[in-house]
Amino acid sequence: MQMEKTMLNILPVPTFSWLGVNGSEHTVKQYETAYISADDGIARLDVQEGSSYKLSVAENQRSTVILYNNSDSSTSFEVNVSAADGSDVKLVEVFDSKAETVTKVRAELGTRARFSLVQLYLGGSGTVSEIAVEQGARSEFTADIAYELRGKDRLDLNLLTEQSGRKSTSRIDVRGVLSGEAFKIFKGTIDFKSGASGAKGEEREDVLMLGGSAVNKTVPLILCAEEDVEGSHGASIGRVDEKQVFYMRSRGIPEDKILALLAQSRTDRVIRLIGDSVTEQRIKASLGRGEEDE
Amino acid sequence: MKEKTQIGDIDRSLYDFRYEENEGDFLDSGITPEIISEISDEKNDPDWMREFRQKSLSIYNRTPMVSWGPDISGLDVDRIVTYIRQKSRMNTDWESVPEDIRQTFEKLGIPQAERESLAGVGAQYDSELVYHNVRREVAESGVVYTDLESAMHDPKYAELIRSHFMKLVPPTDHKFAALHGAVWSGGSFVYVPKNVHLDIPLQSYFRLNAKGAGQFEHTLIILEEGSYLHFIEGCSAPKYYEAGLHAGCVELYVGKGATLRYSTIENWSKNMYNLNTKRALVQENGRIEWVSGSFGSHVSYLYPMSILNGHGASAEFTGITFAGEGQNLDTGAKMIHNAPETSSYMNTKSISKSGGISTFRSAVVVNENAAGSKSSVNCESLMLDGISRSDTVPAMDIKTDKCDVGHEARIGRISDEAIFYLTSRGLSEEDARAMIVRGFADNVSKELPLEYAMEMNNLIGLEMHGSIG
């Protein structure tokens, strides 16, 4: 398998170099194409190293694909989604590997197509993840992403949605927890192209930092070349809300349990969005969360 | 029948006048060791400054151009005249200032503002200060407000200048900081002693009159413990077809418990590249307040940095940027939390019109040693047509869990409902739009002294004129 060095996770509009968020060089492999078929159903796959998954969903069809990566060794893979007019596509990706991962999602959405991306990052010594979406007219894109990073976990996540189509909408919701010496970059860009009149986009990241010497970098961009749009982004980064902790302690819950619950609530929200009990049970088993935690 | 107003040229006559220069006063364009030596000779630099300039030049030569931000390929620094000889000695009364220069500042309203509402004024014309004066009672309180060159040669302040000059913004910071270190000229030095409060502001005004020239003034302000100062900076230039360059540098040292308010209304002409660097170091319980209005220049890179270096230090940045035709204004701020319990607040508005590009760019850094710190960023952008562009590029780099950082940004346009409401009450569409934009900019204008708020409102009025096509 051929290897090549390339810049990944390039910020669409670079900023101050000293922040170290403009992109980074990685070695990636040349991929081998694998086709996914999930016509009007759910396809569950364990990620195969070096795969370039192609998912084409025909007009007005509905498809859900769940990719689970729990490889013990470093993994590179990509997913290319082509969502035809009026189709409804849901892509779930679970990153449950301690090894390095380089991955990419590319999606093209036709008119009135819907694309729902659900991603869960459960650690990893170096995960580089890129998401690039091109939205047609009246298309809808949602991204619900959660991460739980501990120890020396590293995540570099770069999401770009280009809204070229009229009245397209996007909603990006990212929530996560950092502890230990974890390191995370999230770059999220909503790019309203000229002609995207009536488009709307919103983006939010909520980062809970739980002790240690974790580092969080958040870079939420809105690029706008169209007058008639509405865009917003927000970020909230920091410690546990003391009022929440006080309330729960006053009800007899010890502080370490409170912190665990607050952390868990972020990933649980995304786990619930998967909508597949088989995968949900697999994740909970991996996280050591039994029924009593629910 | 409703008539459409055509998009018209912006009336910048208030700023767009000029007097002919004697080109014999210009040093050669370009940046060579010989030209730098010539500047040192002209200014009678002390040895350390001669050496500093030459070192900065070598840093400039080996430093690459910035790899991000607006395109500045239209700026050929080798064609910029970096120094224009002094036309007259610096004066402390306007009557002694040469007639054409005095007329320039009269038109800009500086002497009148001095009489009515300022504690002191410095006026720079091209490369050198031509006027500097401070009220007697202010001088008697121990406040020093003079040009940087005089202070550098004054035994009382020479060491203070040497120990602070380009220590906050070293020449290695970026290419144009190095250029500034090599060719700087003019600017102000302010020193406010311990516990002295100046209730009325000081103002420096920078006017670049010459064609194809650069202005590289250096502002150095030192506030001792418990003091207060409001410093106002204004700048403008007439329009030429040749590119002009402004690469000034502002270094602000805010002592323990001191507060500095630094207000700027920047209205460079639209042939100017405004590559300015501003930085403040704030000690324990000190406070820096930036108020910034960016209206002019062809291209701007401007992000004042606040380094909160003492326990409880705080910073606030309030800014507005208005990018019209032919302008690419990249503005914002940087907040560095480098001590416990520090706080920062950023509130900015951007407006884009007639093909203008406005970019809000920021960085909030909370270091490991900044436990208990808080930061909040709020930016709003308004698009006034479909041919302009507005981008927001904020970044947060957080290295401690014991902090609260928030960020909110919105982008949108003037709603048809708001226009309909105002026009139904008798306003023309143009006036309705101008009123909404003034309201949008209100958070900045209310932070300015009255006369500057009026100037800003007038600028918005000028920019909005003929905006409905």
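The structure presented is a predicted model; accordingly, all values stated were derived computationally and were not measured. Throughout this description, residue numbers start from 1 for each chain and increase along the sequence as written. Written order determines the labels here, with chains lettered from A and ligands numbered from 1. Reporting of local features is limited, given that this is a predicted model, to residues whose pLDDT is at least 70; pairs of side-chain atoms are given and counted only at 80 or more, and all residues count toward the totals for whole chains, interfaces and linings.

(A) How the structure looks around the overall build of chain A. Counting secondary structure elements, chain A contains three helices and 18 strands. Scaling as 2.2 N^0.38, a compact globule of 294 residues should have a C-alpha radius of gyration of about 19 Å, and chain A matches this with 19 Å. If you line up chain A on its principal axes, its C-alpha atoms span 55 × 45 × 40 Å. Any residue whose C-beta has 12 or fewer other C-beta atoms within 10 Å is treated as exposed, any with 20 or more as buried, and any in between as partly exposed, C-beta atoms being built from the backbone. Classification of the 294 residues of chain A by burial places 45% in the buried group. By the criteria applied, helices consist of DSSP H or I runs no shorter than four residues and strands consist of E runs no shorter than two, each listed in order from the N terminus. For the radius of gyration, the atom set is restricted to C-alpha positions; the globular benchmark scales as 2.2 Å times the number of residues to the power 0.38.

(B) Region of interest: helix α8 (residues 175-183) of chain B. All names here are of chain B. Within α8, eight of the nine residues are buried, leaving the element largely enclosed by the surrounding structure. Within α8, burial applies to Phe 176, Ala 177, Ala 178, Leu 179, His 180, Gly 181, Ala 182 and Val 183. Any pair of residues counts as being in contact when their C-beta atoms, constructed from backbone geometry, are within 7 Å of one another. Of the surrounding elements, those touching the buried residues of α8 are α1 (33-43), α2 (47-62), β10 (249-254), β12 (272-275) and β13 (277-282).

(C) Structural context of the interface of chain B and chain A. In this complex, chain B contributes 32 residues to the contact, which on the side of chain A involves 40 residues. Contributions of two or more residues to the side of chain B that touches chain A are made by β20 (357-366), β22 (389-398) and β23 (403-413) of chain B. At 11 residues, β23(B) tops the list of elements feeding residues into the side of chain B that touches chain A. Among the residues forming the side of chain B that touches chain A, the class breakdown is 12 nonpolar, seven polar and 13 charged. In this structure, strand β17 (residues 215-224) of chain A lies alongside β22(B), joined through six bridges in antiparallel fashion. Opposite A:Lys217, over in β22(B), you have B:Asp397 as the bridge partner. Each residue is assigned to one class: nonpolar for Ala, Val, Leu, Ile, Met, Phe, Trp, Tyr, Cys and Pro, charged for Asp, Glu, Lys and Arg, and polar for all the others, Gly among them. For two strands to count as paired, DSSP must find a minimum of two bridges between them.

(D) Quick look at the domain arrangement of chain B. Segmenting chain B into domains produces domain 1 (23-302) and domain 2 (416-469). Residue ranges assigned to the domains are those given by an automatic or database domain assignment. On a C-alpha basis, the centres of domain 1 of chain B and domain 2 of chain B stand 32 Å from each other.

(E) Inspection of the packing of α1(B) against α2(B) at higher detail. All names here are of chain B. To get an axis, fit a line to the C-alpha atoms, keeping to the stretch in contact for a helix; angles then go from 0 to 180 degrees between the N-to-C directions. Contact pair α1 / α2: the axes reach a minimum separation of 10 Å and the direction vectors enclose 155°. Taken together, the axis directions place α1 and α2 in an arrangement best described as roughly antiparallel. Our pair here, α1 against α2, has a crossing hand that is right-handed. The segment α1 lies against α2, with Pro 33, Ile 36, Ile 39 and Ser 40 engaging Met 49, Arg 50, Arg 53, Gln 54 and Leu 57. Within the contact of α1 with α2, the residues separate by chemical class into five nonpolar, two polar and two charged. By the definition adopted for this analysis, an angle is roughly parallel if under 35 degrees, roughly antiparallel if over 145, roughly perpendicular if from 65 to 115, and oblique otherwise. Left-handed is the label given to a crossing in which the near helix is rotated counterclockwise from the far helix by less than a right angle, and right-handed is the label when the rotation is clockwise.

(F) A look at the nonpolar core. Core analysis: the largest hydrophobic core is formed by 206 residues, its most contacted members being A:Phe115, B:Val190, B:Val254 and B:Leu260. When residues are assigned to domains, this core turns out to be shared by domain 1 (23-302) and domain 2 (416-469) of chain B, each giving three or more. Setting aside residues up to four positions removed in sequence, B:Val254 forms contacts with B:Leu223, B:Leu260, B:Ala280, B:Leu281, B:Val282, B:Gln283, B:Gly286, B:Arg287 and B:Ile288. By convention in this section, buried Ala, Val, Leu, Ile, Met, Phe, Trp, Tyr and Cys residues joined through C-beta atoms within 7 Å make up a nonpolar core.

(G) Seen up close, the packing of α2(B) against α8(B). Residues and elements named next belong to chain B. Taken N-terminus to C-terminus, the directions of α2 and α8 make an angle of 155°; their axes are 7 Å apart at the nearest point. The orientation of α2 relative to α8 falls into the category roughly antiparallel. The handedness of the crossing between α2 and α8 comes out as left-handed. Packed against α2, whose contacting residues are Phe 52, Arg 53, Ser 56, Leu 57, Ile 59 and Tyr 60, the element α8 presents Lys 175, Ala 178, Leu 179, Gly 181 and Ala 182 at the interface.

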